Amino acid sequence: MRNEKRILAVDYGRRRVGLAVSDELGLAARGLPTVRANSRRSALDSVAQAAADVGAVEFLVGLPLNMDGSKGPMAEAAASFADALNRTTGLPVRLWDERLTTVAARRTMRETGLRDRNKEGALDRMAAVLLLNNYLQARDSAEP
């Protein structure tokens with residue numbers, strides 16, 4: 001039986017943080033406004049507020065591993081942000097391999113002709129949606 005809880009996905013970046021939230025049944029994701037990361041503290045506060053606004057009870061933070069599975073500087077930064085998010089909110093945080101998510105988001109936007117005045121914000125939002133949908137699909141296929 002599926003738990004009915006919202007998950008907030010985070011596509012962490014040093015300048016922008018893409019966000020997506022699951023529906024109550026954990027079947028689909030929808031994008032939320034991209035957070036401008038003027039500082040790490042402001043990004044943490046904004047993401048924590050977004051979680052409170054949508055009633056999220058868990059975070060899913062994208063971990064941008066290298067193609068060989070090793071952690072580079074951005075993966076370390078994302079893991080550090082995830083840890084700080086847990087300490088700030090007290091909510092559980094799960095890291096999820098996001099290799100090629102931004103590439104897939106860029107391709108999806110191009111193929112659908114999606115244009116946004118803030119294209120980079122839209123790209124981060126789309127990456128968060130894809131990250132969360134990938135997680136939800138993997139979780140569902142693992143359930144008996």
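A brief structural summary. (Residues numbered from 1 in each chain as written. Predicted model: local features only at pLDDT ≥ 70, side-chain atom pairs only at ≥ 80, totals over all residues. Heavy atoms only, no water.)

1. A short note on the overall build of the chain
Counting its secondary structure elements, the chain contains four helices and five strands. In the chain, the order of α-helices and β-strands from amino to carboxyl end is β-β-β-α-β-α-β-α-α. Counting every position in the chain, which comprises 144 residues, the buried fraction comes to 44%. (Helix = DSSP H or I, 4+ residues; strand = E, 2+ residues; numbered from the N terminus. Buried < 20%, exposed > 50% of the residue type's maximum accessible area, 1.4 Å probe, protein only.)

2. Observations concerning the side chain of Arg6
For Arg6, the location among the structural elements is in strand β1 (residues 6-11). Here Arg6 falls in the buried class, since its relative accessible area comes to 17%. Here Ser22 takes part through its backbone oxygen, which lies 3.0 Å from a polar atom of the side chain of Arg6. In contact with Arg6, other than residues within four places in its own chain, are Val21, Ser22, Asp23, Glu24, Val54, Gly55, Ala56, Val57 and Glu58. (Polar contact = N/O pair within 3.5 Å; in protein donor to acceptor, adjacent residues only side chain to side chain. Contact = heavy atoms within 4.5 Å.)

3. Structural notes on helix α1 (residues 40-54)
Its 15 residues give α1 an end-to-end C-alpha distance of 21 Å, which sits within 8% of 21 Å, the value for a rise of 1.5 Å per residue. Looking only at α1, the buried set comprises Ala43, Leu44, Val47, Ala48, Ala50, Ala51 and Val54. Buried residues of α1, seen end-on, are gathered within an arc of 155° and therefore sit on one face of the element. In α1, the exposed positions angled more than 90 degrees off the buried face are occupied by Ala52 and Asp53. Downstream of α1 by a residue or two, Gly55 has a phi angle that is positive, lying close to 75°. (Expected span 1.5 Å × (residues − 1). Arc of directions from axis to C-beta.)

4. Quick look at the nonpolar core
Membership of the largest hydrophobic core comes to 24 residues, with the highest contact counts inside it found for Leu8, Val10, Val17, Leu19, Val47, Phe81 and Leu85. Contributions of two or more residues to this core are made by β1, β2 (16-22), β3 (29-36), α1, β4 (56-63) and α2 (73-89). Each residue touching Leu19, except ones within four places of it in the same chain, is listed here: Leu8, Ala9, Val10, Gly31, Leu32, Pro33, Val35, Val47, Ala50, Arg125 and Ala128. Within the second largest apolar cluster, 11 residues are counted, among which are Ile7, Ala9, Tyr135 and Leu136. (Core = buried A, V, L, I, M, F, W, Y, C linked by side-chain atoms within 4.5 Å.)

5. Thoughts on the pattern of salt bridges
Under the counting rule described, the total for this entry stands at six salt bridges. Across the pair Arg6 and Glu24 runs a salt bridge, and its minimum N-O distance is 2.5 Å. Placement of the pair is Arg6 in strand β1 and Glu24 in the loop between β2 and β3, with a sequence separation of 18 residues. The class for Glu24 is partly exposed, based on a relative accessible area of 45%. In the salt-bridge network here, residues are joined through shared partners; they are Lys5, Glu58 and Arg94. (Salt bridge = Lys/Arg side-chain N within 4 Å of Asp/Glu carboxyl O.)

6. A few points about the pairing of β1
Of all six residues that make up β1, six are buried, and the element is covered over most of its length. Residues Arg6, Leu8 and Val10 line one face of β1 and the alternating positions Ile7, Ala9 and Asp11 line the opposite face, and both faces are buried. The pairing of β1 with β2 spans four bridges and is antiparallel. The residue bridging Val10 from the neighbouring strand is Leu19, located in β2. Taking the residues that link successive antiparallel strands as the turn, the β1-β2 hairpin has four residues. (Pairing = 2+ DSSP bridges.)

7. Some remarks on α2
Compared with the 24 Å implied by 1.5 Å per residue over 17 residues, the 24 Å span of α2 between its first and last C-alpha is a close match. By the burial criterion, the buried members of α2 are Ala75, Ala77, Ala78, Ala79, Phe81, Ala82, Ala84 and Leu85. Those residues of α2 hidden inside the fold are in contact with β1, α1, β4 and β5 (93-97). Positive phi shows up at Gly90, right after α2, with a value of about 80°.

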